[in-house]
Amino acid sequence: MAVTAVEVVYRGIFQKSLSRNICRTIVLAARKEGKIGTAFGRYGDSPERNGIPAKYFAIVADDPTELEETLAAYEPKEVAVTIVVDDTLCKGVESWAWYGLQPINELTVEGGTVLVTSIQPEEDLVKDMHVKDVPYNLSIIKGAKSFSGLWVYKDDHTDVRILGALAKVCPNLVGLEAYVDTIAEQSDDELKAHSARRAYDRVSVSPVEPGQGNPEEPFSFDKPGWTKMGEAIVIPGIEVGGGFRGGEGGYQPVRNDVFKKFSTRTMRPVINFETCTKCTLCWLQCPDSCFDVTPEGLYDSDMESCCGCGVCEDVCPVPDCVTMVNEEVFDDNSSQHDHWKRDRDGYMKWLDEMIVVAKSEKEVGAGRSHGFREWGEYQKQIEMTGVAGDD
Amino acid sequence: MTTEVKDTALEREELISGAEAIAIACALADVDVITAYPIRPYDTVMQFVSKLIADGELKCEYIVAESEHSQFEIVKHASAVGARVFSGSSGVGWFYAFEALAVTCGLRLPVVAMVGNRALDDPGAFGCEHNDALAVRDLGWMLRWVDTAQEAMDAAFMAWRVAEDKRVFLPCAISTDGAFLTHSQQIVMIPDKRLVDEFLPPYDRGEFVLHPDNPITIAPQVNEDWLMEIRRQTDAAMRRARDVITEAHNDLKRIFNRGGDDPFIEEYMTDDADVVLVGMGTLALPLKVTVRRLREQGRKVGFVRIKWFRPFPQPELRAVLSRFKAVGIIDRDYSLGSPDNGGVLYNEVRSALYDGDKRVPIVGYIAGLGGREVTVPMTTEMFDYTQKVADTGIIEEPLRWIGVRD
């Protein structure tokens, strides 16, 4: 009996076509080996919104009877490979489809693989992923967060590179030659098969031991039964907030503690508390009421509520007072205001570094941007990372 | 064991969803008029219909109406002038069309629709429930439930063939479980157009066609002096549908080599069974898995899937179910305040068996509402309780909700 499932964890809408292409090609390639399969998106993720974490699945079995075990379900119970097409998702995913924060490796089986497209070093990714009590592997395909497949973006071969790597890390799913044959049927571009083979040769595989990773307990929520729920589908309104973190002065709104949204974020605002003019615009314009008002009248963005839309940066009238910075450089959701109060010099030095990072990424057009990217960004990024073009 | 890849001149293989399968069936059946109005999960079929039209593979009048009511009014009228039609909806969208749905039956117009089964709002929910399609069960709509994308496609061909048969001329809805069928891509064998043409003759409205060369009036106002006879005619048409379905099923088997043994029901490992469960739609898939697992433990269990809900397979169920020691009926629907507070299927099956030769003990299960997965542990729980009823002959709880948080 052999049923093998893989998942692609992706950013809603931007990466849906990419994920769909990967999963469909897996199943079509499996047919070439006489296997059968199914491909489907996580229904509850839909309707998708820009950037929300979402999932697509491919399941392959030796025959239809075995496949039946996996049908009429929203997702497999476990996957041999978790493919992550945006490395910020390694911090965990909260979606429309379930409650709580799901560690990126939650469905990954013992000895399975988390396969990530990233230009981050391995140790930085391990630090992001929640601790698992069984060993598994981390594989990295050096590359950008691709929007390939979305109609306005160039095909950057991310799908075929992932498939090539997949043949290496999970050979019992589908072998390399079946992928190459299927890719050749789908595209006249001979380079695509070449990219798949090269990814097969180059993908790195490293073990992740139990206990390695982010030790935090992901937030969760127990759903009540029908005898305990309020009746008539009535949901009480959110109460009025109080003082800053329960103390004197300031204001902190009451927030939804079962749907936090921060795993949607790919950039976060960093605040210069020393140039802030207390104009209130970030606080007023933030669509998610992320900003706490501190006792001294400053604005501290709550990183459990921020989905990284960047409105605060756009409306702030003070240069570099609010700067959106690539999420991958952060390890936790701790308060910037706390950091600043504790260690002003240290905070300001760190802030300067963050602003430099943000500006240099903007200059080469290779960093993150909230919202849509511009034409040509990928070519620049590929040149910068040396991912392609060296043979 | 491996699964052979089939690809011959007479059929081709594709990885498609149930919604896409039905859209392709529209192209192969040369549908003339398609109307649409978006609501999940039915609306995936709109995407594929649009794509087929854009790709030049489907030539039809495609009208995105301003509401479901107009959507079904348009196909009703198109059908009256002799056009082959297709439409569909889900959940409360189907209900918004209810007036049009009701009048279509009396006018004997062979509208074919896909219902992407969805829970009825409120609360807003996209998941599968069967109450939407079941709501038209009394009106003269033929109702078909399918469990795979392949069956969705084959059922669409069947639907036009039966609905457009002069002996029937009734609308037919194909129920496809939201998400599990509408959105999941499976391997489907797509027949060549030549095979479809052999199976499905052109729609011929004959002397009923609304056309300037054939001056007729349809849908007049009547009073108590006419309506009962009209209803009795519609009733007779529904009764005749049984034989037409059987004929079509036999042709489907001959031409496409698919469709199973019986047109109305599918029996799975029932030959020596003591206890069987009965259900409709994709819950058949976890149920078959459960049956195989329990069989490995030596338990004599089986499953019966109902394919046609209207016309209801009373003779088949009476003959088949009386063989067992106890039967459990699974409803992915509810009928609040009904006998035993059971589901629609539960009460229909019990009624169908009331004056049979042997009255088998029946229990009901409500499960999978709002698209909740019907899992192997849930169906095992159903088998366990039904077995207890078989062993003791006592029904303590005629109706149980399975998989609900207390």
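Each value, and the rule that gives it
- Throughout, a residue's number is its position along its own chain's written sequence, starting from 1.
- Starting at A for chains and at 1 for ligands, labels are handed out in the order in which the entities are written.
- Only residues with pLDDT of 70 or above have their local features reported here, since the model is predicted, and side-chain atom pairs are shown and tallied only from 80 upward, although totals for entire chains, interfaces and linings are computed over all residues.
- Only hydrogens and water are set aside; all other atoms, that is, all heavy atoms of the structure, feed into the side-chain values.
- Note that the domain bounds were set by an automatic or database domain assignment.
- The contact definition used throughout considers only heavy atoms, calling two residues in contact when any of these lie within 4.5 Å.
- A simple way to read buried area is as the amount of 1.4 Å-probe accessible surface that goes missing from two parts once joined, with both sides added.
- In the sections that follow, a salt bridge refers to a side-chain nitrogen of Lys or Arg positioned within 4 Å of a carboxyl oxygen of Asp or Glu.
- Throughout this description, a polar contact denotes any pair of N or O atoms lying within 3.5 Å of each other; where both atoms belong to protein, one of them has to be capable of donating a hydrogen while the other can accept it, and for residues adjacent in sequence the pair is counted only when both atoms sit in side chains.
- Helix and strand definitions here come from DSSP, where helices need a minimum of 4 consecutive H or I residues and strands a minimum of 2 consecutive E residues; each element is numbered from the N-terminal end.
- Note that Gly is not counted as nonpolar here; it falls among the polar residues with everything else outside the nonpolar set of Ala, Val, Leu, Ile, Met, Phe, Trp, Tyr, Cys and Pro and the charged set of Asp, Glu, Lys and Arg.
- Any residue under 20% of the maximum accessible area for its type is buried, any over 50% is exposed, and the rest in between are partly exposed; the area is computed with a 1.4 Å probe on protein chains only.
- For two strands to pair, DSSP has to find at least two bridges joining them.
- All axes here are fitted lines through C-alpha atoms, helices being fitted over the stretch that makes contact, and every angle between N-to-C directions spans 0 to 180 degrees.
- What pLDDT conveys is the predictor's confidence in a given residue, as a value from 0 to 100.
- Note on ring pairs: Phe, Tyr and Trp rings are taken, using the six-membered ring of Trp, and paired if centres are within 6.5 Å. Classes follow the plane angle, with under 30 degrees stacked, over 60 edge-to-face and the rest tilted.

Enquirer: Is there a simple way to think about the domain arrangement of chain B in this case?
Expert: Where interface size is given, it is often the accessible area lost as the parts come together that is meant. Residue and element names in this part refer to chain B. Domain annotation of chain B identifies domain 1 (11–256) and domain 2 (265–401). Facing 28 residues of domain 1, the contacting portion of domain 2 comprises 29 residues. Here domain 1 and domain 2 share an interface that buries about 2400 Å² over both sides, 59% of which is from carbon and sulfur atoms. Interface area lost by domain 1 to domain 2 is led by Arg137, Asp147 and Arg242, which between them contribute 24%. Linking domain 1 with domain 2 are six salt bridges, by the criterion used here. A salt bridge links Arg137 to Glu348; the nearest nitrogen and oxygen atoms lie 3.8 Å apart. At the surface where domain 1 touches domain 2, the tally comes to 13 residue pairs in polar contact (both at pLDDT 80 or more). Within the residue set of the side of domain 1 that touches domain 2, elements represented by two or more residues are α6 (131–134), β6 (142–145), α7 (149–163), β7 (172–177) and α9 (227–256). With five residues, α9 is the single largest residue contributor to the side of domain 1 that touches domain 2. Looking at side-chain class alone, the side of domain 1 that touches domain 2 contains 16 nonpolar, four polar and eight charged residues.

Enquirer: Explanation requested: unusual backbone geometry in the structure shown.
Expert: For residues that are not glycine, phi is negative in most cases, and the peptide bond is trans in most cases. All names here are of chain B. For the bond from Asp122 to Pro123, the omega torsion is -10 degrees, close enough to zero to count as cis. Note that Pro123 resides in the loop between β5 (112–117) and α6. Omega for the peptide link from Arg310 to Pro311 comes to -5 degrees, which places this bond in the cis form. Here Pro311 shows up in the loop between β12 (308–310) and α11 (314–321). Phi is positive for Ala219, close to 60 degrees, though the residue is something other than glycine. Tracing the chain through its elements places Ala219 in the loop between α8 (193–199) and α9. At Asp340, a residue that is not glycine, the phi angle is positive and equals roughly 60 degrees. As for its position among the elements, Asp340 is in the loop between β13 (326–331) and α12 (344–353).

Enquirer: Whenever I open this one, helix α2 (residues 44–54) of chain B confuses me. Can you help?
Expert: Helical periodicity: at 3.6 residues per turn, an α-helix aligns residues three or four positions apart in one direction. All names here are of chain B. Residues of α2 that are buried: Thr44, Val45, Met46, Phe48, Val49 and Leu52. Lining the buried residues of α2 we find β1 (11–17), α1 (18–28), β2 (33–36), β3 (61–64), β4 (85–89) and β5. Two residues or fewer past α2, Gly56 is found with a positive phi of approximately 80 degrees.

Enquirer: For this particular structure, what's the right way to read the sheet that holds β13 of chain B?
Expert: To summarise the sheet geometry, strands pair through backbone hydrogen bonds and adopt either a parallel or an antiparallel arrangement. Residues and elements named next belong to chain B. Across the sheet, which stays open at both edges, the six strands sit in the order β9-β11-β10-β13-β14-β15 with mixed pairing between neighbours. Edge positions in the open sheet fall to β9 (265–268) and β15 (399–401), since each of these has one partner strand only. Pairwise comparison of adjacent strand axes, ignoring direction, gives a mean angle of 20 degrees for this sheet. Bridging between strand β10 (residues 275–279) and β13 involves four bridges; their strand directions are parallel. When the bridges of β13 are listed, Leu277 appears paired with Gly328. Lying on the sheet, α12 is in contact with β10, β11 (301–306), β13 and β14 (362–366); it crosses β13 at an angle near 145 degrees.

Enquirer: When you look at the confidence of the model for chain A in this model, what are you seeing that I'm missing?
Expert: Low pLDDT means the predicted atomic positions in that stretch should not be read closely. Residue and element names in this part refer to chain A. Across chain A, the average pLDDT comes to 90, with 92% of residues at 70 or higher. The lowest-confidence element of chain A is helix α11 (residues 377–385), averaging 59 in pLDDT; the highest-confidence one is strand β4 (residues 79–84), averaging 98. pLDDT under 50 marks residues 371–375. Its contacts with residues more than four places away, or in other chains, come to eleven contacts.

Enquirer: Looking at this structure, how should I read the domain arrangement of chain A?
Expert: Residue and element names in this part refer to chain A. Here chain A is described as being made up of domain 1 (3–208) and domain 2 (244–364). Computed from C-alpha atoms alone, the centre-to-centre distance between domain 1 and domain 2 is 33 Å. With 21 residues of domain 1 at the interface, the matching set in domain 2 holds 14 residues. When domain 1 packs against domain 2, the two sides together hide about 1200 Å² of surface, and 46% of this comes from carbon and sulfur. It is Thr88, Lys91 and Glu94 in domain 1 that bury the most area against domain 2; as a group they hold 40% of the surface buried on that side. Counting across the domain 1 and domain 2 interface gives three salt bridges. For Glu327, the salt bridge is made with Lys91, and the minimal N-O distance between the two is 2.8 Å. Counting the contacts that link domain 1 with domain 2 gives nine residue pairs in polar contact (both at pLDDT 80 or more). Split by residue class, the side of domain 1 that touches domain 2 holds six nonpolar, seven polar and eight charged.

Enquirer: Mind showing me how you'd approach the packing of aromatic side chains here?
Expert: Working definition: an aromatic ring pair is given by the centre-to-centre distance plus the angle between the planes. By the definition in use, this model includes 21 aromatic pairs over all chains. On the basis of an interplanar angle of 35 degrees and a centroid distance of 5.5 Å, the ring pair of Phe40 of chain A and Phe57 of chain A is categorised as tilted. Taken together, the positions of Phe40 of chain A in strand β2 (residues 36–41) and Phe57 of chain A in strand β3 (residues 53–61) put the pair 17 residues apart, joining distant regions of the chain. Ring centres 5.5 Å apart and planes at 85 degrees place the aromatic pair Phe309 of chain B and Phe312 of chain B in the edge-to-face group. Comparing Phe309 of chain B with Phe312 of chain B shows no difference in burial state: the two are buried. Within the aromatic cluster, the residues linked to one another by ring pairs are Phe273, Phe330, Trp340, Tyr347 and Trp350 of chain A.

Enquirer: Where do I start with α1 of chain B in this structure?
Expert: Across the eleven residues that make up α1 of chain B, a large majority, eleven, are buried. Backbone geometry just after α1 of chain B places Asp30 of chain B at a positive phi near 55 degrees.

Enquirer: Please explain the interface of chain B and chain A as it appears in this structure.
Expert: With 34 residues of chain B in contact, the opposing surface of chain A contributes 34 residues. Summed over both sides, the interface between chain B and chain A buries roughly 3000 Å², with carbon and sulfur atoms accounting for 53% of that surface. In this structure, the connection of chain B to chain A is made through four salt bridges. Put simply, Arg292 of chain B and Glu68 of chain A hold a salt bridge, and the shortest N to O gap is 2.9 Å. Summed over the shared surface of chain B and chain A, the result is 17 residue pairs in polar contact (both at pLDDT 80 or more). Looking at the side of chain B that touches chain A, the elements that each hand over two or more residues are β1, β8 (185–191) and α10 (284–296) of chain B.

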